Amino acid sequence: MSILVLGGAGYIGSHTALELIRAGYDVVVADNLVTGYRAAVPEKAKFYEGSIHDFNFLDNLFKAEKIDAVIHFAAYSLVGESVSNPLKYYDNNLCGTKVLLDAMVANNIGKIVFSSTAATYGEPENIPILESDRTCPTNPYGETKLAMEKMFHWTSLAHNMNYVSLRYFNACGADATGTIGEAHNPESHLIPLILQVPNNKRESVSIYGTDYDTPDRTCIRDYIHVTDLAQAHILAVEYLLNGGKSDIFNLGNGVGYSVREVIETARKVTGHPIPAIETPRRAGDPARLVASSEKARTILGWNPCHAELEEIISSAWNWHKAHPNGY
């Protein structure tokens, strides 16, 4: 079985490519290397450099490789940037996906797993969040991901294409070997930002908002280890290859950790005091985002194995210590 991982030089894509190889699959990675890193692509994966905007590139790839299923990570994902530059997100996330689907239809490739996001929900009505809850994104990033889901839905009906959309929460951690990890430029995720302090890349970390209706007054989020995410993508591919119908699944641990808890755990893991500066809230940050993953557990058989916050941060620290400047 040959799986195409689009965006496989990125953070979650590279971990998924590695887990696919460990599971015995033939892996083809395609990435334009705008935000991904060639060094993150596993050695045993076949690599193509190119863009999902380029129909000829995709068409030639599909003709050269016998692809059984596609996993799609090739999207921009910075919430703040999506607000300041929404057209960039509509162009890449929506227009690029449209070209990808054109190429898949032209080559009779009918199975795709899509990396979606909890940002499709916006301000949650219920905790934990269910797949059936209202979707009302509060930023262009979430809006484009939701529109991509709808594009898959209608394409699947018209062209007999089955898809799985995985809406996941805060991806974090790194592979246990420490060979690949999380490297963004600019960095916007909490755990890597915290770990920049003991790595002498910044003097302190900011806590945005200390007046939320939570036990310690800071935001609570559902953190999920990147290896557990990778396993969920593999299970979704196998679900489709075994005849599963199109569906949407949340991925999360179902446990929320506050910003203060994450910082305190990082202090314990690194042995560094990690000064924290309290600053005002950021617009659009909900107090709590915690997923119900019962549907993924029941239908896909997914069971996160790295749910403890200390293990997550330890794996991230293992990577960041060895790669203070990323790749």
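Structural data are supplied above this passage.
A few points on the structure.

Rules used in this analysis
Residues numbered from 1 in each chain as written. Predicted model: local features only at pLDDT ≥ 70, side-chain atom pairs only at ≥ 80, totals over all residues. Heavy atoms only, no water. Salt bridge = Lys/Arg side-chain N within 4 Å of Asp/Glu carboxyl O. Buried < 20%, exposed > 50% of the residue type's maximum accessible area, 1.4 Å probe, protein only. Helix = DSSP H or I, 4+ residues; strand = E, 2+ residues; numbered from the N terminus. Contact = heavy atoms within 4.5 Å. Polar contact = N/O pair within 3.5 Å; in protein donor to acceptor, adjacent residues only side chain to side chain. Pairing = 2+ DSSP bridges. Axes fitted to C-alpha atoms, helices over the stretch in contact; angles between N-to-C directions. Parallel < 35°, antiparallel > 145°, perpendicular 65-115°, else oblique. Left-handed = near helix turned anticlockwise from the far one by under 90°.

1. Quick look at the pattern of salt bridges
Part 1 of the argument: Under the defined criterion, the tally for this structure stands at 15 salt bridges.
Part 2 of the argument: With a shortest N-O distance of 2.8 Å, E81 and K88 are connected by a salt bridge.
Part 3 of the argument: Exposure remark for E81: the relative accessible area of 24% places this residue in the partly exposed category.
Part 4 of the argument: For E149, the salt bridge is made with R167, and the minimal N-O distance between the two is 2.7 Å. Taken together, the positions of E149 in helix α5 (residues 140-159) and R167 in strand β6 (residues 162-168) put the pair 18 residues apart, joining distant regions of the chain. For the residue pair E149 and R167, the accessibility class agrees, reading buried in each case.
Part 5 of the argument: Three or more residues are tied together by salt bridges with common partners; here these are E19, R22 and D175.

2. Focus on helix α2 (residues 55-64)
Since the α-helix advances by 3.6 residues per turn, residues separated by three or four positions end up pointing in the same direction.
Part 1 of the argument: Among all positions of α2, only F57, L58, D59, L61 and F62 are buried.
Part 2 of the argument: Buried-residue contacts for α2 involve β1 (2-6), β2 (26-31), β3 (46-49), β4 (69-72) and α4 (86-106).
Part 3 of the argument: Two to three positions downstream of the cap, the backbone nitrogen of N56 sits 3.1 Å from a side-chain oxygen, assigning the N-cap of α2 to D54.

3. Examining the pairing of β2
Part 1 of the argument: Within β2, 5 of the 6 residues are buried, which leaves the element mostly enclosed by the surrounding structure.
Part 2 of the argument: Sheet analysis places β1 next to β2, joined by 5 bridges and oriented parallel. What sits directly across from L6, in β2, is A30.
Part 3 of the argument: Where β2 and β3 come together, 4 bridges link them in parallel fashion. Bridging from a neighbouring strand, A30 pairs with Y48 of β3.

4. Notes on the packing of helix α8 (residues 259-270) against helix α10 (residues 309-322)
Axis angle and axis distance: for two packed helices, these are the angle between their axes and the distance between the axes, and together they describe the pair.
Part 1 of the argument: Relative orientation of the contacting elements α8 and α10 amounts to 60 degrees, with a least axis distance of 9 Å. Between α8 and α10, the interaxial angle falls into the category oblique. The two elements α8 and α10 meet at a crossing, and its hand is right-handed. Each of E261, V262, T265, A266, K268, V269 and T270 in α8 lies in contact with α10, whose residues at this interface are L309, E310, I313, S314 and W317.

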